[in-house]
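Results of the structural survey
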Amino acid sequence: MHYDPIKRSLGEVFNKTPFLRKIFYRLLDLLLLRAWHIHKELKPWLRQHNQGADVLDAGAGFGQYTYWLSRKNNKLKIYAVDVKEEQVRDCNNFFKAIGYNNVLFGVEDLVVYQKPDTYNLIVCVDVMEHILEDEKVFSNYVASLKKGGMLIISTPSDQGGSDVHEGGDTSFIEEHVRDGYNIKDIEQKLLRAGFSRVDARYSYGSPGKISWRLSMKYPISLLGVSKLFFVVLPFYYLLVYPICYVLNYADTAGNHPTGTGLIVKAWKD
């Protein structure tokens, strides 16, 4: 399934005013389980960097993680990059409109982008599964971090992370160049790239897999059939979201022996 047409439709709806975009960001924070996991990991980092720090949002998409970080600490200097010029333009317009002068969005290719010894934190959410030359990107990340800097990645695992469970299955998200990372494989790739420490854990365990289907897969599949489902969507979430909230809480609180997602942290010492 191709997400881009649906993303464009969402952009058309929520880019009309800054108020609507803020609502959109809030909805993403509530609905996306990966956001729950990323926020959980970033909160301790924010407590340690309560003054200024340099952040790279690598593959920023709609810019929701840049917005979340900026609201938590307006002293952060954030460079948010993406390959899609339209999204970068929309994000720059939004952040300028709300007066967030510490944020800049730019068009960059992560395979070649490198800014040595610049960032205290790199955030990379739902990006690496789209990039074939992943080890080159990891090398760029470690070069771009300052000593003591941290990289955090959210990406599908090879335990069905693109909704692939058998050898003959195709990815639910057809833009992915791989169906998910083996947890040991991504650890070794990051160490080979030059990171000194890596901590990887599974997300989207048993509770998360149910929540993802209810909150993401089924609604997106229906939107792919007809945009008329936008009308039904609020009523659908009124019924489903309380269940998803409990499932998301259980997933972020639990320690999963396996899962369809990975949360990976790596440090440059």
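Anyway, here's the lowdown on the structure attached to this text. (Residues numbered from 1 in each chain as written. Predicted model: local features only at pLDDT ≥ 70, side-chain atom pairs only at ≥ 80, totals over all residues. Heavy atoms only, no water.)

Points about the sheet that holds strand β1 (residues 53–58)
Operational definition: For two strands to pair, DSSP has to find at least two bridges joining them. Helix and strand definitions follow DSSP, with helices as H or I runs of at least four residues and strands as E runs of at least two, each counted in order from the N terminus. What counts as an axis is a line fitted to C-alpha atoms, over the stretch in contact for a helix, and the angles between N-to-C directions run from 0 to 180 degrees. Should any heavy atoms of two residues lie within 4.5 Å, those residues are considered in contact.
What the 7 strands build is an open sheet, ordered β3-β2-β1-β4-β5-β7-β6; its pairing is mixed. Sheet topology places β3 (103–107) and β6 (197–203) at the edges, where each strand pairs with a single neighbour. The sheet shows a mean angle of 15 degrees between the axes of neighbouring strands, taken without regard to direction. Across 7 bridges, the pairing between strand β5 (residues 145–156) and strand β7 (residues 261–267) is antiparallel. By the bridge assignment, Pro 156 is partnered in β7 with Gly 261. Of the strands in this sheet, β1, β2 (76–82), β3 and β4 (119–125) are in contact with helix α4 (residues 64–72), which crosses β2 at around 175 degrees.

Section: a positive patch on the surface
Using the following cut-off: Patch members must show over 30% relative accessible area and no salt bridge, and they are joined within 9 Å when carrying like charges or within 5 Å when they are nonpolar side chains of Val, Leu, Ile, Met, Phe, Trp or Tyr. Only the protein chains shown count as cover for residues, and the accessible areas themselves come from Shrake-Rupley with a 1.4 Å probe. A side-chain nitrogen of Lys or Arg and a carboxyl oxygen of Asp or Glu constitute a salt bridge if their distance falls within 4 Å. Charged residues are defined narrowly, with Lys and Arg counted positive, Asp and Glu counted negative, and His plus the chain ends left uncounted. Charge coordinates come from a single atom per side chain, which is NZ of Lys, CZ of Arg, CG of Asp or CD of Glu.
Residues Lys 22, Arg 26, Lys 43, Arg 47, Arg 71 and Lys 72 make up a contiguous surface patch of positive charge. Elements with a minimum of two residues in the positive patch: α2 (18–31), α3 (33–48) and α4.

Here we look at the packing of α2 against α3
Inclusion rule: These descriptions rest on fixed angle ranges, namely under 35 degrees for roughly parallel, over 145 for roughly antiparallel, 65 to 115 for roughly perpendicular, and the rest for oblique. Residue polarity is assigned by list, with Asp, Glu, Lys and Arg as charged and Ala, Val, Leu, Ile, Met, Phe, Trp, Tyr, Cys and Pro as nonpolar; anything else, Gly included, falls into the polar class.
Across the interface, α2 lies against α3 with an axial gap of 5 Å and an inter-helix angle of 85 degrees. Relative to α3, the element α2 lies roughly perpendicular. Residues Leu 28, Asp 29, Leu 30 and Leu 31 of α2 touch α3, and the partners they reach there are Leu 33, Ala 35, Trp 36 and His 39. A class-by-class count of the residues in the contact of α2 with α3 yields 6 nonpolar, 1 polar and 1 charged.

As for the pairing of β4
We count it as follows: Each residue is placed in one exposure class: buried if its accessible area under a 1.4 Å probe, protein chains only, is under 20% of its type's maximum, exposed if it is over 50%, and partly exposed if it falls in between.
With respect to burial, β4 is a largely interior element, 7 of its 7 residues being buried. In this sheet, β4 lies alongside β1 in parallel orientation, the contact comprising 3 bridges. Looking across to β4, one finds that Leu 56 is bridged to Ile 122. Two strands pair when backbone bridges link them, and β4 and β5 are joined in this way by 6 bridges, in the parallel orientation.

As for the pairing of β3
The following threshold applies: For the handedness criterion, the strands are oriented away from the viewer, and a crossover whose path from the first strand over the helix to the second runs clockwise is classed as right-handed.
Both β2 and β3 contribute to a ladder of 5 bridges, which runs parallel. Looking across to β3, one finds that Ile 78 is bridged to Val 103. Of the crossover connections in this fold, the one passing from β2 over helix α5 (residues 85–97) to the parallel β3 is right-handed.

A short note on the packing of helix α6 (residues 134–144) against helix α7 (residues 183–193)
Heads up, the condition is: Crossing handedness is defined as follows: a turn of the near helix away from the far one that is anticlockwise and smaller than a right angle gives a left-handed crossing, while the clockwise case is right-handed.
With their axes 8 Å apart at the nearest point, α6 and α7 run at an angle of 50 degrees to one another. Comparing the axis directions of α6 and α7 gives the class oblique. The way α6 lies across α7 gives a crossing that is right-handed. Each of Asp 134, Glu 135, Phe 138, Ser 139 and Val 142 in α6 lies in contact with α7, whose residues at this interface are Ile 186, Lys 189, Leu 190, Arg 192 and Ala 193.

Looking at the side chain of Asp 134
This is how it is decided: Side-chain atoms alone can form a polar contact between residues adjacent in sequence; in general such a contact is a pair of N or O atoms within 3.5 Å, and within protein one must be able to donate a hydrogen while the other accepts it.
Of note, Asp 134 is situated in helix α6. At 2.8 Å, the side chain of Asp 134 forms a polar contact with the side chain of Tyr 181. There is a polar contact of 2.7 Å between the side chain of Asp 134 and the side chain of Lys 189. Once residues lying within four places of it in the same chain are set aside, the contact partners of Asp 134 are Met 128, Arg 178, Tyr 181 and Lys 189.

So, a nonpolar patch on the surface
On the surface, a cluster of nonpolar side chains totalling about 280 Å² of accessible area is made up of Phe 19, Ile 23 and Leu 27. Checked against the element boundaries, Phe 19 lands in helix α2. Taking the relative accessible area as the measure of exposure, Phe 19 reaches 59% and is therefore exposed.

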